[in-house]
Amino acid sequence: MQKRPGNKFAMSIAGSMILLVAGAAVFWGYNAEKSKSHQSTTFVMDTLVTQTAYGPNAQAAMREVNIALADFEKRLTLFSKESDVARINLAAGRESVEVAPETAALIQQSVQLSQQSDNAFAITIAPLTMAWGVTTDSPRVVPPEEIQSLLELVDDSAVKIEGNRVGLERTGMALDLGGIAKGASCSLIQEIYFKNKVESGIVSIGGNIYVRGNKPDGSDFRVGFRNPYEGEMSYIASFSMPDKVMAVSGGYERFFEENGQRYIHIIDPRTGMPAVSDILSVGVVDQDGAVADFYSTTLFVWGKEKTLDFMRNGGSVIMLDQENTLYVSKSLEESFSMHDSAKDKYTLIFI
Ligand code: AMP
Ligand code: MG
C-alpha cells in the first residue's frame, strides 16, 4: 500500500501534541507543588513555633526543623540537669565541661555580643533571673541586699571557653541564654531550609520571625508589627524582609505585679532590677537571628534615646514608644506601610 505523504507528518504533529500536553501537565503539576503551602506547629522553648513553608521538600524540612529545635532546647534548657547549660552551671567555680560544639559556639557569640551592649546584656544574668523568677510560677520581689550580692556573679568576661569546653569562674555563677536562643534557633532553621532547597517560607518563634525568600508567586511575605496592648491580631504596620530575622522584645508578655508595681522578665544588669524602659516594644531585623535577638533585648534595656542613636548608626529597627510614636529605620522604609486603622493613632518617623 502506498503511504500517503501526509501521514508521517500528521503522526509527528500528534506526537508533539501529546508531548506538549504531557509536558504542560508535568509543568503545571510542578508549579502546583511548588506553590503548595504546608504548615507545622510545635511548642518548644516555652513558646509556640509555627512554620509555613512551600514546595515539594517543605514537609520533610519542617519535620527536620522540629527535631532540631527539640535538640536545641535540650542542650540549652535550665529545667533539666543534663542540658549543656545546666551542666556548665552546676560546675561553676569548679571546672569547665565539654558541651556540643553548637552550644560552645553560641556561648562564644553571646559573650562577644554582650561586650557591645554597654552592660545591658549578659548571659550570666541567670542568678538574677532565677531569683526574680518572673517566668516561673513563684516570682518574688528580691530584696536589695540579695540583689547586690547576686550582681557580683553577673560578669560575661568570667565565661571561659576553650574549644568545646565551657566554664564559669566563680561559684554561684550561671548562664541564661533566654535573651538570644530563640533568635539563634532561626539560623538552625535557615540551614535546614537551605539544605532541603526550601525557597519559600515563614516561621514564627514567640516574638521572632524568620522569612525564607519570597512567596512562590514572587511577591513578598509581609511581616506585621503590632501594638502589644491591643491584642494578638492588631497589627499597626507591615513590611517585608526576605531572608532575615526580626526579634521583638518588650515588657508586655512576661511579668508579675505586686503592690501596683510591674516586674518584667528582662533584668537590667546595671541594677539587678527588672528593666524599666520608655520603649513599649522593639523589633530588630538582621540576617543573623542571634544578633537580632541580642539587640532586641539590649535596645529595650537601653531605652529610646540610645536606640535612636543605634538606628542613626545603621541598625534596622522598629520601635514603639509609650507615646504611640513608631520609629522605623530608613533601611526598612521602602516596603513599610502603616495599616489604615493605625494611621490616625500613631506618629510614624523614619530614622
Ligand atoms: P527577650 O525576650 O529576647 O528580650 O529575652 C528575655 C529573656 O532573656 C529573659 O526571659 C531571660 O531569660 C533573659 N534575660 C533577661 N534579662 C537579660 C539581660 N539583661 N541580658 C541577657 N538576657 C537576659
Ligand atoms: Mg532577645
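These figures come from a predicted structure and were not determined experimentally. (Residues numbered from 1 in each chain as written. Chains lettered and ligands numbered in written order. Predicted model: local features only at pLDDT ≥ 70, side-chain atom pairs only at ≥ 80, totals over all residues. Heavy atoms only, no water.)

(A) Region of interest: helix α6 (residues 144-151). All of the buried residues in α6 are I147, L150 and L151. One face of α6 carries all of its buried residues, which in axial projection span an arc of 100 degrees. Buried positions along α6 lie against α5 (126-132). (Buried < 20%, exposed > 50% of the residue type's maximum accessible area, 1.4 Å probe, protein only. Helix = DSSP H or I, 4+ residues; strand = E, 2+ residues; numbered from the N terminus. Arc of directions from axis to C-beta. Contact = heavy atoms within 4.5 Å.)

(B) Just the coordination of the magnesium ion (ligand 2), in detail. For the magnesium ion (ligand 2), the full set of protein donor atoms is G179 (O), D293 (O), D293 (OD) and T297 (OG1), at a range of 2.0 to 2.5 Å. For the magnesium ion (ligand 2), the single-chain donor residues occur in sequence as G-x113-D-x3-T. In this pair, G179 is assigned in the loop between β5 (165-168) and α7 (181-195) and T297 in helix α8 (residues 289-302), connecting sequence segments 118 residues apart. What makes T297 buried here is its relative accessible area of 11%. (Donors = N, O, S within 2.8 Å, 3.2 Å for Na, K, Ca; no water.)

(C) Seen up close, the environment of F350. The residue F350 is located in strand β17 (residues 347-350) in this model. The exposure class assigned to F350 is partly exposed, which follows from its relative accessible area of 25%. Distance in space between the C-alpha atoms of F350 and E333 is 7.2 Å, their sequence separation being 17 residues. When near neighbours in sequence (up to four residues on either side) are disregarded, F350 contacts V328, S329, K330, E333 and F336.

(D) Looking closely at the packing of helix α2 (residues 58-76) against α7. Running from amino to carboxyl end, α2 crosses α7 at an angle of 145 degrees, the nearest separation of the two axes being 10 Å. Judged by the sense of rotation from one axis to the other, the crossing of α2 with α7 is right-handed. The residues of α7 that touch α2, namely those facing A61, M62, E64, V65, A68, L69, F72 and L76, are A181, A184, S185, L188, I189, I192, Y193 and K195. Here the residues of the contact of α2 with α7 sort into 13 nonpolar, one polar and two charged. (Axes fitted to C-alpha atoms, helices over the stretch in contact; angles between N-to-C directions. Left-handed = near helix turned anticlockwise from the far one by under 90°. Nonpolar A, V, L, I, M, F, W, Y, C, P; charged D, E, K, R; others polar.)

(E) Region of the structure containing the packing of helix α4 (residues 101-114) against α8. Two elements in contact, α4 and α8, have axes whose closest approach is 11 Å; the angle formed by their N-to-C orientations is 45 degrees. In this view, α4 runs oblique relative to α8, as classed from their interaxial angle. Here α4 and α8 pass one another in a crossing that is right-handed. Mapping the contact onto sequence places Q109, L113 and S114 in α4 and A290, V291 and F294 in α8. The residue inventory of the contact of α4 with α8, partitioned by class, reads four nonpolar, two polar and no charged. (Parallel < 35°, antiparallel > 145°, perpendicular 65-115°, else oblique.)

(F) Structural context of the pattern of salt bridges. One pass over the full model with this rule turns up 18 salt bridges. D268 is the salt-bridge partner of R270, the closest N and O atoms lying 3.0 Å from each other. On the basis of relative accessible area, R270 is assigned to the partly exposed category, the value being 43%. Salt bridges sharing common partners tie together K304, D321 and E323. (Salt bridge = Lys/Arg side-chain N within 4 Å of Asp/Glu carboxyl O.)

(G) Molecular detail of the sheet that holds strand β3 (residues 97-98). Taken together, three strands build an open sheet; the order of strands is β3-β5-β4 and the sheet is antiparallel. Two strands close off the open sheet at either side, each with one partner strand: β3 and β4 (159-162). Pairing geometry for β4 and β5, over four bridges, is antiparallel. Pairing of I161 across the sheet is with V166, part of β5. Contacts from α4 reach β4 and β5, with the element oriented near 135 degrees to β4. (Pairing = 2+ DSSP bridges.)

(H) Inspection of the confidence of the model for the chain at higher detail. For the chain, per-residue confidence averages 92 on the pLDDT scale, and 91% of positions sit at 70 or higher. Taken as a whole, residues 1-6 scores under 50 in pLDDT and shows zero contacts with residues more than four places along the chain or in a different chain. (pLDDT = per-residue confidence, 0-100.)

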